[in-house]
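Each chain, letter by letter, is given below.
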Amino acid sequence: MEKAILDTDTLLNFFDDDENTSQAVALYISAHRRLTIAELTIFEILRGLYYRNATKRIEKFDDFLSKCEILPASRESIKISSRIYAELKRKGISIGEVDILIAGIAIQHNLELITNNLGHFRHIEGLQTNNWK
């Protein structure tokens, strides 16, 4: 199993105890010891938890993060993401900006992006995707 970065929706499936996702996560951790996520994924999850005032889930999520490799956006990933945005915009394709930034991080690190949004990300050239659900 190659090293990969998990999209927000895949993490949410894992937290919701989706059987296929949980099995894939277990296999991945046995091969790589830690899950890899983008720092932006933390924002996407925490904004929802804070909105719902889910204090206990925030604490559990903080504990979970201590066991993850967290990749920040870098100058290089921002350049990649900016090119992706421009290419998609010229084609009339709209994808959320956070998703484009996560895709840029995945491409920079040559990581497969694990997501349920395969159709969403298929427009991004050079991005490898997979779905664990």
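Here goes a summary of the coordinates provided. (Residues numbered from 1 in each chain as written. Predicted model: local features only at pLDDT ≥ 70, side-chain atom pairs only at ≥ 80, totals over all residues. Heavy atoms only, no water.)

The next subject is the environment of Leu 12. Take Leu 12: it is sitting in helix H1 (residues 8-15). Judged by relative accessible area, Leu 12 falls into the partly exposed class, the value being 39%. Put simply, Leu 12 and Ile 45 are 33 residues apart on the chain and 8.2 Å apart in space, counted from C-alpha to C-alpha. (Helix = DSSP H or I, 4+ residues; strand = E, 2+ residues; numbered from the N terminus. Buried < 20%, exposed > 50% of the residue type's maximum accessible area, 1.4 Å probe, protein only.)

It is worth spelling out H1 at this point. Among the residues making up H1, those that are buried are Thr 8, Asp 9, Thr 10, Leu 11 and Asn 13. In the segment just after H1, Asp 17 is the residue with positive phi, at about 60°.

The final tally for this structure, using the stated rule, is 4 salt bridges. In this structure, Glu 69 and Lys 3 form a salt bridge, with 2.8 Å as the shortest nitrogen-oxygen distance. Placement of Glu 69 in strand S3 (residues 68-71) and of Lys 3 in the segment before strand S1 (4-6) is noted, with a sequence separation of 66 residues between them. In this structure Lys 3 comes out as partly exposed when scored by relative accessible area, which is 34%. (Salt bridge = Lys/Arg side-chain N within 4 Å of Asp/Glu carboxyl O.)

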